[in-house]
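# Analysis of the macromolecular model
Here are the chains, one letter per residue:
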Amino acid sequence: MRVALFGGTFDPVHCGHLAIARAAAERFSLGRVYFVPADIPPHKSKQQLTDFQHRFAMLALATAEDKRFVPSLLDAPTGRPNYSIDTVRRLKSQLKKSDQLFYLIGMDAFKDISTWHQVEQLLAECEFIVASRPGFSLAEIGRVLPDKLRPKHEVVKAMAKQQPSGTISLPGATIHLLSDVEERVSSTQVRRAAKRPVTQLARYVPRMVAEYIKKQRLYANAAPANTTETGKTARVLSFAAGRHKKARSH
Ligand code: ATP
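First, a word on what this report is: a plain description of the structure on this page. From a predicted model like this one, the values you see are computed outputs, not experimental measurements. (Residues numbered from 1 in each chain as written. Predicted model: local features only at pLDDT ≥ 70, side-chain atom pairs only at ≥ 80, totals over all residues. Heavy atoms only, no water.)

## A short note on unusual backbone geometry
Between D11 and the following residue, P12, the backbone shows a cis peptide bond with an omega angle of 0°. The residue P12 is located in the loop between strand 1 (2-8) and helix 1 (15-27) in this model. Residues other than glycine seldom take positive phi values, yet F10 does so here, at roughly 50°. Structurally, F10 can be placed in the loop between strand 1 and helix 1. The exposure class assigned to F10 is buried, which follows from its relative accessible area of 1%. For R217, which is not glycine, the phi dihedral falls at a positive 50°. Its location among the elements puts R217 in the loop between helix 10 (207-215) and helix 11 (227-248). For R217, a relative accessible area of 68% corresponds to the exposed category. (Helix = DSSP H or I, 4+ residues; strand = E, 2+ residues; numbered from the N terminus. Buried < 20%, exposed > 50% of the residue type's maximum accessible area, 1.4 Å probe, protein only.)

## Focus: the site of the ligand
Every one of the 22 residues lining the ligand counts as a neighbour, but F10, D108, R133, S187 and T188 are closest to it. The separation between an oxygen atom of the ligand and a polar side-chain atom of H17 is 3.0 Å. Residue V185 places a main-chain N or O atom 3.0 Å away from a nitrogen atom belonging to the ligand. Bound to the protein, the ligand loses 90% of the 600 Å² it would expose on its own. Put simply, the parts of the chain that give the shell around the ligand at least two residues each are strand 1, helix 1, strand 4 (100-106), helix 4 (107-110) and helix 8 (187-192). Looking at the shell around the ligand, its residues break down into six nonpolar, eleven polar and five charged. (Near = heavy atom within 4 Å. Polar contact = N/O pair within 3.5 Å; in protein donor to acceptor, adjacent residues only side chain to side chain. Areas by Shrake-Rupley, 256 points an atom, 1.4 Å probe, with all protein chains shown as cover. Nonpolar A, V, L, I, M, F, W, Y, C, P; charged D, E, K, R; others polar.)

And the structure:
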C-alpha cells in the first residue's frame, strides 16, 4: 500500500490541510494518509501552541469521514521536540515491507527544509510530495534544497517549468510536485477568526471542528483581526465561501 505521513502543528486543522491530503491521495493512489500533529515542533515555540489533546481531537473530527485519513499519535507528548526523521523511522517500523512511504508537505514548509534535523537522511528515507501553496512557488525547489543535493539551479528550474506536476529525481532525493492545490486558508487566519459565528468559521474548517473550537473556547486570546486585517480576513472568508459553495455543488 502507498502511505503518506503528513506532519504539522494543525492548530487547528483546516480545509487547506484536507485539500492537499485529498489531492495527494488521488494523484498518488494513497491508501492511508497519517495526519501527525507534533507536540513540540522544532521550529515553533510550545508556549504559543494549543494543547496537543485539543489539536488531536480536532484532527480526529476532521478526518472521520475519509477512510484513507488517519489521525496519528506518533508525535504524542514525550517532553522532547519532534524531529521528522524520528517520526518517519517510527512509522516505517510499523509498516509492512511492501508499503511505500511518502512525506507530504506544503511548499511554505519545504522552503526551510535545509534547516531540518538530519535533512539528507530524511530525504533519503522516503519520497517527498511537495504541494503548492498560494504565495510559495514550486519553481523555487532547486534553490531550497540542501547544498549537498542541490543540482544546478537552471536544471531544476527547467524541470519544474516543464513539469508543473512532475517528479524531480536526484541522487539522494525524489520529490514529486503537486501543483493543483490553491487553498489560501491558514491556521493563523482560523485562530484570528475564532470569535466569529460557527457558520462563518465553518467556511474554512470542517463544521465539527468549528463547533469544537466554540465549545472549548479555543483561541479566545488569539490576536484579533485589527482594522487592516479585518479586510484581509473578509477577503479570505469570501474566497473560502466561494470554494465552499463550489465544493458542495459537485
Ligand atoms: P500556521 O498558520 O499556524 O503557521 P499552517 O496553516 O501553515 O499554520 P501547519 O499545521 O503549520 O498549518 O501546516 C502543516 C502542513 O500543511 C505544512 O506542510 C504546510 O505547508 C501545509 N499546509 C498548511 N496549509 C496549507 C495550504 N493552505 N496549502 C498547502 N499546504 C498547506
